[in-house]
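Chain residues, written in single-letter form:
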Amino acid sequence: MVGAVTGDDLTARRANSFGPQASAYAQHRPDYPAAAIRWSLEPLGPGPHDVLDLAAGTGKLTGGIVAEGHHVTAVEPDEAMLSELVRHCGGVRALPGSAERIPVPDATMDAVLVGQAFHWFDPDKALPEIARVLRPGGVLAAMWNMDDLTVPWVAEFGKVSGSAAAATGVTGRALPDHPLFRDPEDTTFPHTHRRTAESLVATVGTHSYTLVMSQEDREALLDRMRTHLRSHPETAQGEFDMPLITYVKRMIRT
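First, a word on scope: everything that follows refers to the structure included in this document. Keep in mind that what you see is a predicted model, and the values were worked out from it rather than measured.

**Concerning the pattern of salt bridges**
Summed over all chains, the structure comprises 15 salt bridges. Residues Asp50 and Arg135 are paired through a salt bridge, measuring 3.3 Å at the closest nitrogen-oxygen approach. Remark: Arg135 occurs in strand S5 (residues 134–147) and Asp50 occurs in strand S1 (residues 50–54); sequence separation between them is 85 residues. For Arg135, a relative accessible area of 29% corresponds to the partly exposed category. What emerges from the salt-bridge pattern is a single network uniting Glu198, Asp223, Arg226 and Arg230.

This is the structure we're talking about:
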């Protein structure tokens with residue numbers, strides 16, 4: 001007899017759902033605003049700095065850190081995601097590893113940045129491990145791109161897609177306080193993602209809550225989203241800017 005699916009089981013399924021969609025993730029997920037990266041690293045002063053992009057995925061944050069002139073090491077547990085990262089950010093040092101087991105020596109990083117991933121970590125294990133690889137005074141910053149639900153058409157689409165409900169509580173799980181870190185601060189930055197109706201549906205299709213649905217339920221949801229977007233003037237034809245908010249929280253290594 002198959003046991004009931006627990007919350008932990010579902011979280012594990014969602015956390016491990018991205019690999020088969022690595023190519024779509026690389027194509028359709030948004031990047032991060034340069035202003036968010038600069039604010040994250042601001043306590044370090046002028047660069048360049050040694051920055052670890054932890055749970056780097058396909059390199060959506062990696063590319064932005066590189067563009068700011070920093071020396072980047074990318075760590076990602078999923079082989080398919082890491083392959084996409086290497087394809088898109090070929091000059092970056094890329095290593096297999098996890099937040100709970102980071103494959104770099106002690107006190108070798110000025111900063112650890114985490115894009116759209118800290119909520120998958122085990123904080124009791126990850127925070128001491130992140131502290132281990134940071135130099136004293138180093139920065140830990142986690143960021144999330146979220147739909148800007150203050151925009152009416154975005155809020156309406158969030159209800160149709162389920163993305164508004166799926167995002168609920170993410171910032172509440174963001175970067176808990178820890179004795180190895182001090183001076184927690186958070187802020188937000190406006191951001192946009194250039195999309196069409198079809199590519200916005202594809203973006204939502206890379207979110208974990210859709211990846212663990214049955215094929216029938218997933219296709220029905222994607223069809224509802226397409227129909228909705230094509231019936232609204234803001235999204236019916238051609239390209240448009242999807243309004244986002246990038247939430248960032250940072251702390252300093254004691």
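**Observations regarding unusual backbone geometry**
Residue Pro48 is reached from Gly47 by a cis peptide bond, and omega for that bond is 5°. Looking at where Pro48 falls in the secondary structure, it is placed in the loop between helix H3 (34–41) and S1. With a phi close to 55°, Asp183 is a non-glycine residue in the positive phi region. By the element assignment, Asp183 lies in strand S6 (residues 181–195). A relative accessible area of 42% places Asp183 in the partly exposed class.

**Here we look at the pairing of S5**
Consecutive side chains of a regular strand alternate in pointing toward one face of the sheet and then the other. In this sheet, S5 lies alongside strand S4 (residues 109–115) in parallel orientation, the contact comprising six bridges. Its bridge partner lying in S5, Gly115 is registered against Met143. One crossover worth recording links S4 to the parallel S5 by way of helix H6 (residues 123–133), and it is right-handed. Inspection of the sheet shows S5 paired to strand S7 (residues 240–253) by nine bridges, in the antiparallel sense. Paired with Met143 across the bridge in S7 is Val248.

**With respect to helix H9 (residues 197–204)**
Burial runs high along H9: six of the eight residues are buried. Those residues of H9 that fall on the buried side of the exposure criterion are Ala197, Ser199, Leu200, Val201, Thr203 and Val204.

**Description of the packing of helix H7 (residues 152–161) against helix H11 (residues 215–230)**
Taken N-terminus to C-terminus, the directions of H7 and H11 make an angle of 155°; their axes are 9 Å apart at the nearest point. The angle between H7 and H11 falls in the class roughly antiparallel. Considering how the two elements wind past one another, H7 and H11 form a crossing that is right-handed. Here Glu156, Phe157, Val160 and Ser161 of H7 come into contact with H11, specifically with Leu221, Arg224, Met225, His228 and Leu229. Residues of the contact of H7 with H11, tallied by class, amount to five nonpolar, two polar and two charged.

**Here we look at the sheet that holds S6**
Reading across from one edge, S3-S2-S1-S4-S5-S7-S6 is the order of the seven strands in this open sheet, with mixed pairing throughout. The open sheet is flanked by strand S3 (93–96) and S6, the only strands paired with a single partner. Strand-to-strand twist of the sheet, defined as the mean angle between neighbouring strand axes without regard to direction, takes the value 20°. In this structure, S1 lies alongside strand S2 (residues 71–76), joined through five bridges in parallel fashion. Note that in S2 the partner of Asp50 across the bridge is His71. Contacting S2 and S3, helix H5 (residues 79–88) crosses the sheet at an angle of about 175° to S3. Its contacts with the sheet place H9 against S6 and S7, and it is angled at close to 145° to S6.

**A closer look at the pairing of S3**
Sheet topology places S2 next to S3; four bridges connect them, and they run parallel. Its bridge partner lying in S3, Val75 is registered against Leu95. Handedness of the β-α-β unit built from S2, H5 and S3 comes out right-handed.

**Description of the environment of Pro48**
With 20 residues separating them in the primary sequence, Pro48 and Glu68 have C-alpha atoms 8.3 Å apart. Contact partners of Pro48, with chain neighbours within four places excluded, come to Gly69, His70 and His71.

Cut-offs used in this document
Residues numbered from 1 in each chain as written. Predicted model: local features only at pLDDT ≥ 70, side-chain atom pairs only at ≥ 80, totals over all residues. Heavy atoms only, no water. Salt bridge = Lys/Arg side-chain N within 4 Å of Asp/Glu carboxyl O. Helix = DSSP H or I, 4+ residues; strand = E, 2+ residues; numbered from the N terminus. Buried < 20%, exposed > 50% of the residue type's maximum accessible area, 1.4 Å probe, protein only. Pairing = 2+ DSSP bridges. Right-handed = clockwise from strand over helix to strand, strands pointing away. Axes fitted to C-alpha atoms, helices over the stretch in contact; angles between N-to-C directions. Parallel < 35°, antiparallel > 145°, perpendicular 65-115°, else oblique. Left-handed = near helix turned anticlockwise from the far one by under 90°. Contact = heavy atoms within 4.5 Å. Nonpolar A, V, L, I, M, F, W, Y, C, P; charged D, E, K, R; others polar.

The analysis is restricted to geometry; functional conclusions fall outside its scope.
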